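These are the residues of each chain, in order.
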Amino acid sequence: MEDMLFYDRMQFAFTITFHYLFPQLTMGLSLLIVYFKWKFLRTHIDKYNDAAKFWMKIFALNFAMGVVTGIPMEFQFGTNWAKFSELTGGIIGQTLAMEGMFSFFLESSFLGLFLFGEKLLGHKLHFLTGFLVFLGSWASGYLIIATHSWMQYPVGYEVLENGKFVLNNFGALFSNPWLLPSYLHNQAASMVTSSFVVAAIGAFYILNNKHHEFGKLFVKTGVIFGLISSLLVAFPTGDLAAKNVVKHQPVTFAAMEGIFHTEDGGSEIVLIGQPNIREKKLDNKIAVPNILSFLTYQDWNAEIKGLDQFDPDVYPTNIPGLYYAYHIMVGLGTIFIGLMLLATLQLFRKKLYTTKWILWAIVFMLPFPYIANTTGWYTAELGRQPWLVYNLLRTSEGASPTVSSGNTLFTLLGFIGLYLLLGLLFLMLAGKIINKGPELEKHA
Amino acid sequence: MELFWYIVLMTMLAVYVILDGYDFGAGIVHLFFSKTEQDKKAITNAIGPFWDANEVWLIASGGVLFFAFPTLYASSFSGFYLPLMMILWLLIFRAIGLELRGQVHNKMWEAVWDKAFGISSLLLALFFGVALGNVVRGVNLGGVVDGVSTHEAHYFFLPLWNPSFSPHSEELGVIDWFTLLLGIISVVALTIHGANWIIYKTNSDLNEKLKTVVFNLNIALVALVIISVTIWHIIEPNPFHNFIKTPMLWIFPLIMLTGLFGTFKVKSFKKHGIGFLFSSLFLLGGLTSTVASIFPKVLPSTNNINPDLTLYNVAAHEYGLNIGIYWFAIAVVLVAAYMFIQYKVFSGKMDDVGYGEH
Ligand code: HDD
Ligand code: HEM
Ligand code: HEM
């Protein structure tokens, strides 16, 4: 039983982590493509249309990866978490079914038109199809996060005698206080990913002395969007997300921040330190006094509950993992803001395109938004443990009763092999598109 | 309310089979009948802008199943664990075969992805038929061994096959000679369907040849249908009892037969879309007839200890089902509009779309 659960969890974690590498770019990039296309409609400068076309190629590849890795997600609720699906399907099935009906149809119908219909449609309608793809992907994010928010903070339900959760208030699913901060934070984070990717490819072109025009355009667009979204990620959205956790999952918050003991007169904020679970303390700690209390409650001396105030039975199961995930996310967020501020400054002094070290830093940053997004999700998911539905249904009660560990390990290995192949192919083909660059198309 | 969602779900699945069915069929045609680069181009152009949206019907049907019939979703998805995972992997291979082929111009690269696309289409068509076979045959609900359930009454687990390969064995498997027969029917029917789509959507040189293929395969299909209906009596002694009780249901087999025999006139159709229409009717009629014959069961039990799963004992709670109607109604209108626009813009022949060229 124990290792069965372990493989189920590994498989879910592996497949969802891999899946989310793609939608985070899809969602942000669709907005940037719409922006390029809109600039073209306003200025009629071909450069913008070519930029839109170039990113559409990356988008199409990325989208295909998102789709093929997304379908297994939809199936796995039933295959690996049958008990969970049976008990909560009447509720989370609601938002998941809506996602399929409202967003996936929208996205996929218009993506075909967007990719192959430019000649048939003319520029204005082409812009519109792009906009609808953008709308579809953001709606998809909204509905999936609505689903997820219900697992973090269940609302609008009642529990029947047979243990089934049934919906009694549809509207509550969407006015869930967890939903809006989480959604905005997640979307801002996906804008970070896409802006950084666009800027990094631009910087790569400038440093390579290739496609210079586009290099500049990409760096400029990426840096401006990158600065805005990095700021939004931290404030107000990250701040609001954290406040939700303090309020509704205080034990999770204590573990995220590495607070083992409740302190009188305000909590310090930990910058660095390694959780030592046995001795209930942080090793090698560097911390600034009272800041955490202020950030959380706008009061330097407010009390923040430490782990010592809770029953170990409800501790998150992986406290060090949770702590690191959270600190990596926040640490990277701070670095992103710093870099983008510097780059914007140079942009205004008209020196950005010649400041080599910043361009190098931008290229080097490319993988880090992906890491920040992934660790952010690990914060949310590890923080929810040991619950599947917070405070109501334990993860151990949600797995499929009849699927043996041997079968799950078999499919986990299958997914690992297959996704390794997909990842390699993606990198190879994206590399090829980027290397070829946005050649100036012949304009008829 | 359950009945309403049951009809919705079955309709969505039928739409899925008709739409993605032509994709699979096109893949099979691609595997066996396309010789030149031009043939291949014609085939991928004919399905390129559509396959993704078609596959959404599967995802959306899955979503509706999850939300309206959570117990069925949980029971069948965990019980058919292995075949579903293989279907997932095949769907992945098929999609990347189609998407990645045109990205690199190299003979070996193209050959590999052509085969990936073709073979996974073939196997998917087979598996979906096998799946239907399993639903008709039923499963050992509750995992009964020697008269005792080993799981809760609505859970089960099926291995891929059993040693005796028989649908009457104590220990059932996903694949046995009965389900395999339905798998083969599905392959033949979808090949016809896919060929009809290609004839409809392209001006390729392949079309004349495909008409002959459709005609010949249709002969085989008639034979297979007769065999399967005969054999059905071995699985279910009284397969027509629903039809006898409610004669209106005969409309479904009638639709199927119209489609089946209409297809024989493939060579004389003036308009290219008609063949496709007939093969769609065949699929629609075949599916609805099968479903109608086991109604209201959705997954029969093969033991007499645990009851069948019916649409009434697997459904979600009233409130959710009621409220779902509101958003579903809006969504259906939108989806219909998208489809209208999509097929309008890409109406007519598709030879020049340039799918997958970069
Ligand atoms: C570029 C990525 C990125 C960056 C720089 C940050 N985050 Fe984040 N964070 C995410 C990407 C992310 C995410 C992947 O998008 C998550 C996972 C769940 C969610 O809704 O957003 C998330 C979750 C998440 C949670 C957990 C919410 C939950 O349990 O559901 C908290 C408390 C924060 N974030 C707070 C912050 C703060 C205070 C940041 C300060 C800079 C920060 N994040 C930067
Ligand atoms: C895309 C970002 C996401 C990532 C990276 C992610 C990551 C994870 C990880 C690491 C686990 C395993 C936790 C553990 O077992 O200790 C997990 C579990 C799970 N997550 Fe997520 N998740 C994401 C989004 C979602 C969403 C949107 C949902 C709901 C719709 C969801 C539902 C679940 C479920 C059902 C489990 C299984 C039970 C469990 O082990 O907790 N996840 N996820
Ligand atoms: C934070 C978590 C998630 C977000 C923001 C997200 C978002 C998206 C987006 C924007 C797409 C569009 C295409 C692309 O990926 O490039 C997509 C595809 C998909 N996602 Fe996710 N997803 C998340 C997690 C999940 C989970 C937990 C499931 C399982 C229910 C899931 C199921 C799917 C499916 C089935 C597709 C394919 C849709 C199609 O064919 O168009 N996703 N996702």
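All values derive from a computational prediction rather than experimental measurement.

**Student:** Which residues make up the pattern of salt bridges, and what values go with them?
**Tutor:** Within the structure shown, the criterion is met by 14 salt bridges over all chains. Of the charged contacts, one joins A:Glu381 and A:Arg384 as a salt bridge, the two residues approaching to 2.9 Å between their closest N and O atoms. Remark: A:Arg384 and A:Glu381 occur in helix α13 (residues 368-384); sequence separation between them is 3 residues, near one turn of the helix. By relative accessible area, A:Glu381 is classed as partly exposed at 26%. Residue A:Arg384 is classed as buried on the basis of its relative accessible area, which comes to 4%. The network of salt bridges with shared partners includes B:Glu37, B:Lys40, B:Arg101 and B:Asp114.

**Student:** I'd love a proper account of the environment of B:Asp308, names of residues and values included.
**Tutor:** All names here are of chain B. Looking at the element boundaries, Asp308 is found in the loop between β1 (297-299) and β2 (309-310). With relative accessibility at 26%, the residue Asp308 sits in the partly exposed group. It is 9.2 Å that separates the C-alpha atoms of Asp308 and Val139, two residues lying 169 residues apart in sequence. For Asp308, the residues in contact, after removing those within four places along its chain, are Leu141, Lys297, Leu299, Pro300, Ser301 and Asn313. One polar contact links the side chain of Asp308 to the main-chain amide nitrogen of Ser301, over a distance of 2.7 Å.

**Student:** Help me get a handle on the coordination of the iron atom of ligand 3, residues and values and all.
**Tutor:** Note on metal sites: the ideal angle is 109.5 degrees for four tetrahedral donors, and 90 or 180 degrees for six octahedral donors. Just one protein atom coordinates the iron atom of ligand 3, and that atom is A:His19 (NE2), at 2.2 Å. Tracing the sequence through the fold places A:His19 in helix α1 (residues 2-21).

**Student:** Got a sec to walk through the site of ligand 1? Specific residues and values, please.
**Tutor:** All names here are of chain A. Close to ligand 1 lie 22 residues; Ser182, His185, Asn186, Met329 and Asn373 are nearest. In this structure, Trp178 approaches ligand 1 through a side-chain N or O atom, which is 3.2 Å from an oxygen atom. The separation between an oxygen atom of ligand 1 and a polar side-chain atom of Asn186 is 2.9 Å. Listing elements by their share of the shell around ligand 1, those giving two or more residues are α7 (179-207), α8 (212-248), α11 (319-348) and α13. Among the elements that take part in the shell around ligand 1, α8 stands out by supplying 6 residues, more than any other. Here the residues of the shell around ligand 1 sort into 15 nonpolar, 7 polar and no charged.

**Student:** Mind laying out the site of ligand 3, listing which residues take part and the relevant values?
**Tutor:** Taken together, the neighbourhood of ligand 3 is formed by 25 residues, with A:His19, A:Thr26, A:Met73, A:Glu107 and A:Trp377 sitting nearest. This site is not confined to one chain, since residues near ligand 3 come from chains A and B. Between ligand 3 and A:His19 there is a distance of 3.0 Å, counted from a nitrogen atom to a side-chain nitrogen or oxygen. A:Thr26 places a side-chain nitrogen or oxygen 2.5 Å from an oxygen atom of ligand 3. Elements with a minimum of two residues in the shell around ligand 3: α1, α2 (23-43), α3 (46-80), α4 (82-116) and α5 (118-152) of chain A together with α3 (51-68) of chain B. With 8 residues, the single largest contributor to the shell around ligand 3 is α3(A). Among the residues forming the shell around ligand 3, the class breakdown is 15 nonpolar, 7 polar and 3 charged.

**Student:** So what about the nonpolar core? Which residues, and what values?
**Tutor:** One finds A:Trp55, A:Phe218 and B:Phe69 to be the most contacted residues of the largest nonpolar core, which totals 203 residues. Among the elements that line this core, the one with the most residues is α3(A), at 17 residues. Residue assignment places this core across two domains, with domain 1 (1-143 + 150-315) and domain 2 (320-346) of chain B each supplying three or more. Setting aside anything within four residues of it in sequence, one finds B:Phe69 in contact with B:Glu2, B:Trp5, B:Tyr6, B:Leu9, B:Val64, B:Leu311, B:Val314, B:Ala315 and B:Ala316.

**Student:** So what's going on with the confidence of the model for chain B? Residues and values would help.
**Tutor:** Looking at chain B as a whole, the pLDDT averages 86, with 98% of positions reaching at least 70. For this predicted complex, the interface score ipTM comes out at 0.89, alongside a pTM of 0.92.

**Student:** Go over the interface of chain B and chain A with me, naming the residues and quoting the values.
**Tutor:** Contact residues are listed per partner, giving 67 residues for chain B and 69 residues for chain A. Carbon and sulfur atoms supply 79% of the area buried between chain B and chain A, which totals about 6,000 Å² over both sides. Here chain B is connected to chain A by 1 salt bridge. In this structure, the connection of chain B to chain A is made through 12 residue pairs in polar contact (both at pLDDT 80 or more). Secondary structure elements with two or more residues in the side of chain B that touches chain A: α3, α4 (70-79), α5 (81-100), α6 (107-137) and α12 (318-345) of chain B. Residue contributions to the side of chain B that touches chain A peak at 15 residues, all from α12(B). Taken together, the residues of the side of chain B that touches chain A sort by class into 50 nonpolar, 13 polar and 4 charged.

**Student:** Summarise α4(A); cite the residues concerned and give the values.
**Tutor:** An α-helix turns once every 3.6 residues. As a result, residues three or four positions apart point the same way. All names here are of chain A. Across its 35 residues, α4 extends only 40 Å between first and last C-alpha, which sits more than 12% below the 51 Å expected from 1.5 Å per residue. Maximum bend of α4: about 85°, positioned at Gly89. With respect to burial, α4 is a largely interior element, 33 of its 35 residues being buried.

**Student:** If you had to explain the pairing of strand β3 (residues 269-276) of chain A to someone new, which residues and values would you point to?
**Tutor:** Residues and elements named next belong to chain A. Where β3 lies against strand β4 (residues 281-288), 6 bridges are found, and the strand directions are antiparallel. Its bridge partner lying in β4, Asn276 is registered against Lys281. Between β3 and β4, which pair antiparallel in sequence order, lie 4 residues; one of them, Lys280, sits at a positive phi of approximately 55°.

Rules used in this analysis
- Residues numbered from 1 in each chain as written.
- Chains lettered and ligands numbered in written order.
- Predicted model: local features only at pLDDT ≥ 70, side-chain atom pairs only at ≥ 80, totals over all residues.
- Heavy atoms only, no water.
- Salt bridge = Lys/Arg side-chain N within 4 Å of Asp/Glu carboxyl O.
- Helix = DSSP H or I, 4+ residues; strand = E, 2+ residues; numbered from the N terminus.
- Buried < 20%, exposed > 50% of the residue type's maximum accessible area, 1.4 Å probe, protein only.
- Contact = heavy atoms within 4.5 Å.
- Polar contact = N/O pair within 3.5 Å; in protein donor to acceptor, adjacent residues only side chain to side chain.
- Donors = N, O, S within 2.8 Å, 3.2 Å for Na, K, Ca; no water.
- Near = heavy atom within 4 Å.
- Nonpolar A, V, L, I, M, F, W, Y, C, P; charged D, E, K, R; others polar.
- Core = buried A, V, L, I, M, F, W, Y, C linked by side-chain atoms within 4.5 Å.
- Domains from an automatic or database assignment.
- pLDDT = per-residue confidence, 0-100.
- Buried area = accessible area lost by both parts, 1.4 Å probe.
- Expected span 1.5 Å × (residues − 1).
- Bend = angle between axes of the 7 residues up to and from the residue.
- Pairing = 2+ DSSP bridges.

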